[in-house]
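# Overview (structure and organization)
If you want the building blocks of each chain, they are given just below.
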Amino acid sequence: MTNEGTALTREIQNLLRDLISRLHQLNDAVGDRIELRAGDIEILDLVARHGPMSPSEVSASTGIHPATLTGVIDRLEGAGWLSRVPDPDDRRRVRLQARRERGAEMARLYAPMNRSLTEICAALSPDQLTVVRDFLRDAAQAGVDAAVGLRGAD
């Protein structure tokens, strides 16, 4: 890699850290409005995007210990954010389902950010959007791989 490539890579890494920080700030601001913690929002987003999930699937996807997750699920269910529903394949198990009426409340708070992202994407060509999409997907997978590596090192 050239010096220019190395410098750009460092700049991208720094910008990703800035993005993570800004998104944490956004999640905290949203959470303050609806009395949720950032981790709660992460779980709700995961369940809303991927459909009903088992608690073990949520635990595996987030890295939250199952015992800790049980308390979070209890709190979110009590506040009306999600429901435990019977698993259609095994009625002894449950799946977590986001409650749409509460999700609309959260979506309204994220709407300004989503509009901004839509505008940013509208300024890019389909080829550029493909590069961005692939980069973000690969960067997310690198984060998963690093977390798995750290957990496996214990």
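This one's a predicted model, so the numbers in the text were calculated from it and none came from an experiment.

We now examine the overall build of the chain. Scanning the chain for helices and strands turns up six helices and two strands. Written out in order from the N terminus, the α and β elements of the chain read α-α-α-α-β-β-α-α. When its C-alpha atoms are laid out on the principal axes, the chain stretches across 55 × 40 × 30 Å. By the burial criterion, 20% of the 154 residues in the chain qualify as buried.

Glancing now at the side chain of Thr62. Inspection of the secondary structure puts Thr62 in helix α3 (residues 55-62). On the accessibility criterion, Thr62 (15% relative accessible area) is buried. Within polar-contact distance, the side chain of Thr62 engages the backbone oxygen of Val58 at 2.8 Å. Of the polar contacts made by the side chain of Thr62, one reaches the backbone nitrogen of Ile64; its length is 3.2 Å. In this view, Thr62 contacts Glu42, Ile43, Leu46 and Arg151; residues no more than four positions away in its chain are not counted.

A few words now on the packing of helix α2 (residues 38-50) against α3. Between α2 and α3, whose axes approach to 11 Å, the crossing angle comes to 120°. Of the two elements, α2 crosses α3, and the hand of that crossing is right-handed. Contacts between α2 and α3 involve Glu42, Ile43, Leu46 and Val47 from the first element and Val58, Ser61 and Thr62 from the second. The residue makeup of the contact of α2 with α3, split by class, is four nonpolar, two polar and one charged.

All right, on to the nonpolar core then. Counting residues in each nonpolar core, the largest one holds 21 residues, and the members touching the most others are Leu36, Ile43, Val58, Leu76 and Met106. Of all elements in the fold, only α1 (3-34), α2, α4 (66-78) and α5 (100-122) reach the threshold of two or more residues within this core. In terms of residue count, α2 provides more of this core than any other element does, five residues in total.

The next thing to look at is the packing of aromatic side chains. By the definition in use, this model includes zero aromatic pairs. Its end group placed over the ring of Trp81, Arg102 keeps NZ or CZ at 4.0 Å from the ring centre.

What counts as what
In every chain, residue numbers begin from 1 and rise along the written sequence. Residues qualify for local features only when their pLDDT is at least 70, as the model is predicted, and side-chain atom pairs are given and counted only at 80 or more; totals for whole chains, interfaces and linings, by contrast, use all residues. Only hydrogens and water are set aside when side-chain values are computed; all heavy atoms of the structure are taken into account. Elements are defined by DSSP. Helices are runs of H or I of four residues or more, strands are runs of E of two residues or more, and each kind is numbered from the N terminus. Classification of residues uses two cut-offs on accessible area relative to the type maximum, computed with a 1.4 Å probe and protein chains only: under 20% is buried, over 50% is exposed, and between them is partly exposed. Whenever a nitrogen or oxygen atom comes within 3.5 Å of another N or O atom, the pair is scored as a polar contact, on the condition that within protein one atom can donate a hydrogen and the other can accept it, and that pairs from neighbouring residues in sequence are kept only if both atoms are in side chains. Should any heavy atoms of two residues lie within 4.5 Å, those residues are counted as being in contact. Inter-axis angles, ranging from 0 to 180 degrees, are taken between N-to-C directions of lines fitted to C-alpha atoms, where helices are fitted over the stretch in contact. Handedness of a crossing is defined here by the sense of rotation of the near helix relative to the far one, left-handed for an anticlockwise turn of less than a right angle and right-handed for a clockwise turn. When residues are grouped by polarity, Ala, Val, Leu, Ile, Met, Phe, Trp, Tyr, Cys and Pro land in nonpolar, Asp, Glu, Lys and Arg in charged, and all others, Gly among them, in polar. Only buried residues count toward a nonpolar core, which is a set of Ala, Val, Leu, Ile, Met, Phe, Trp, Tyr and Cys residues joined through side-chain atoms within 4.5 Å. Working definition: rings of Phe, Tyr and Trp (its six-membered ring) pair if their centres are within 6.5 Å, and the pair is stacked with planes under 30 degrees apart, edge-to-face with planes over 60 apart, and tilted otherwise. Two conditions define a charge located above a ring, namely a distance within 6 Å from the ring centre to NZ of Lys or CZ of Arg, and an angle within 35 degrees of the ring normal.

Spatial relationships are all this shows, so hold off on functional conclusions.
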